[in-house]
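Structural characterization, general
Listed below are the residues making up each chain.
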Amino acid sequence: KYFPVKRDILQKLTRKEQKVVKAVDDVNFKVYKGETLALVGESGCGKSTTGRSLLRLIEPTEGNVFFEGKDIVAYSKQELKNIKKDMQIVFQDPFASLHPRMTVEEIIAEPLSIHKVGSREERRTKVEYLMEKVGLSPQMKKRYPHEFSGGQRQRIGIAKALALNPKFIICDEPVSALDVSVQAQVINLFKELQKQFSLTYLFISHDLSVVKHVSDRVGVMYLGKIVEIANTADLFSRPAHPYTQALLSAKPVIDEKNRIERIVLDGELPTPLNPPSGCHFHTRCPFKMEKCMHVEPTVKDLGTNHQVACHLH
Ligand code: SF4
Ligand code: MG
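What you are looking at is a predicted structure, and each value in this text was computed from that prediction instead of being measured. (Residues numbered from 1 in each chain as written. Chains lettered and ligands numbered in written order. Predicted model: local features only at pLDDT ≥ 70, side-chain atom pairs only at ≥ 80, totals over all residues. Heavy atoms only, no water.)

1. As for the side chain of Glu-173
The condition that has to hold: Only DSSP runs of H or I reaching four residues or more are called helices, and only runs of E reaching two or more are called strands; each is numbered from the N terminus. Buried residues are those whose accessible area, probed at 1.4 Å on protein chains only, stays under 20% of the maximum for their type, while exposed residues exceed 50% and partly exposed ones sit between those limits. We call two N or O atoms a polar contact when they sit within 3.5 Å, provided that within protein one can donate a hydrogen and the other can accept it, with sequence-adjacent residues counted only if both atoms are side-chain atoms. By the convention used here, residues are in contact when the closest approach between their heavy atoms is within 4.5 Å.
For Glu-173, the location among the structural elements is in the loop between β5 (168-172) and α9 (180-197). Judged by relative accessible area, which is 8%, Glu-173 ranks as buried. A polar contact of 2.4 Å, which involves the side chain of Glu-173, links it to the side chain of Ser-176. Aside from chain neighbours lying at most four places away, what touches Glu-173 is Lys-47, Gln-92, Ile-204, Ser-205 and His-206.

This is the structure in C-alpha cells:
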C-alpha cells in the first residue's frame, strides 16, 4: 500500500483520512526475467506510483518489493545504491530528465561517475559504445540536449539508463512524448536492447497499441488496483474485465472483423483520493450488479496465466 504524499502530512491525518489517499493498494504482481510486463491504464490509476515504488523513488508505506528474491524495501540507503546498478528507470519526458547544461557525454557518464565505475578513459569509451548501441553517432557527444530531437533525447536517456549494465528497467511512458512516427523506432530500440543485454522491462503506458507491440504480458490498472493481468495475446483477444473490454473497444482497429462492440463508459474517472466502495469500477461499469457496490471482487484465476478481479467471473 502506497501513499503518494509526504509522511509528515500523513501523520497529521487520522487513520480514516490516511485510507483515502492510497494511490496504489494491494497491487501484487511478478515480472519474470527477460520479459516485458506492461502496466496500462488511464492517468492517475497508479501506474507510475507503482513503478517508482519498486525503485523506492516513492517510499511504500507497506508491502514488499522482491528483487532476485531479496526484499529491497528493507534495504538501507547504501544497499539500495548498490541494487540501483541493477534497476534503472527511463522517464516519459526526455526534455525534463536531461540536464540542459550537461553535454551528452557528461549525461551518459553520470551514473558511472556516481558509482565510481572505471577510469576517465574507460568511461569515455563506454559512452561512445552506448551512443552507438542506441543509434546516436559518438561524434555528437559534446553537444547539449537542446541540439537533439525528441527521439534522440530519449535515446540519450536510454543510454544513460544502460550505463551501469542494469538487469531491470522501468520504462515510464517512454514514448508518450514522442511523435507517432518516432515512437515505433524507439520501441524497436527497446526490443533490440532487450535481446542484446538480456533486459527485463516493466513498461508503463496508457497507450494500448504501444503495449500490444512491446509486451509479453499486460496488467491493467484502474484506480490503484490491477484489475486484470494476462499474456498480451490473451488479453487482446479475450479481455475478461469490463474495464479492459472498454479500453479495447475504444481503440481504433484496422481489422473491422475483430472489432469488439464499443463499450461506452458512464461518467468520469472518480478521484483516486476517494475511490468508490466495493468494486472501484462499479460507477462506470455497464455490467454492474448489486453486489459490486459493496463487495470488492477478489482475484480469480482463469487459467492460462490470466487473472481477473470481477464478480462476473
Ligand atoms: Fe463491473 Fe461488478 Fe465486475 Fe466491477 S465487479 S467490473 S462493477 S461487473
Ligand atoms: Mg504517469
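Now that the structure has been shown, the text picks up again.
2. Observations regarding the nonpolar core
Cut-off, in case you're wondering: The nonpolar core is taken to be a set of buried Ala, Val, Leu, Ile, Met, Phe, Trp, Tyr and Cys residues, with the residues joined through side-chain atoms within 4.5 Å.
Counting residues in each nonpolar core, the largest one holds 36 residues, and the members touching the most others are Ile-108, Val-134, Ile-156, Ile-158, Leu-162, Phe-190 and Leu-193. If you list the elements that add at least two residues to this core, you get α6 (104-114), α7 (120-133), α8 (150-162), β5, α9, β6 (200-205) and α10 (208-214). Ignoring any residue separated from it by four or fewer positions in sequence, one finds Ile-156 in contact with Leu-98, Val-104, Ile-107, Ile-108, Leu-136 and Phe-148.

3. Description of empty space enclosed by the protein
Here is the rule: Grid points spaced at 1 Å and placed over the protein atoms alone form the basis of the search, with a cavity being a set where a 1.4 Å probe fits but cannot get out and a pocket an open set showing protein on both sides within 12 Å along at least five of seven lines. Lining residues have an atom within 4 Å of a point. Grid points are joined across faces, edges and corners, and a volume is the space filled by probe spheres set on the points. Residues are grouped as follows: nonpolar covers Ala, Val, Leu, Ile, Met, Phe, Trp, Tyr, Cys and Pro; charged covers Asp, Glu, Lys and Arg; every other residue, Gly included, is treated as polar.
Inspection of the entire model under this criterion finds one cavity of 30 Å³ or more. Each pocket or cavity is described by its volume, and for the largest cavity that value is around 80 Å³. Forming the walls of the largest cavity are 13 residues, and the residues nearest its centre are Cys-279, Cys-285, Cys-292, Cys-310 and His-311. By residue class, the composition of the lining of the largest cavity is 10 nonpolar, two polar and one charged.

4. As for unusual backbone geometry
With a phi angle near 50 degrees, Lys-116 is a residue other than glycine that sits in the positive phi range. Residue position: Lys-116 is located in the loop between α6 and α7. The backbone phi angle of Ser-198 is positive, close to 50 degrees, even though this residue is not glycine. Secondary-structure assignment places Ser-198 in the loop between α9 and β6.

Worth remembering: the numbers are spatial, not functional.
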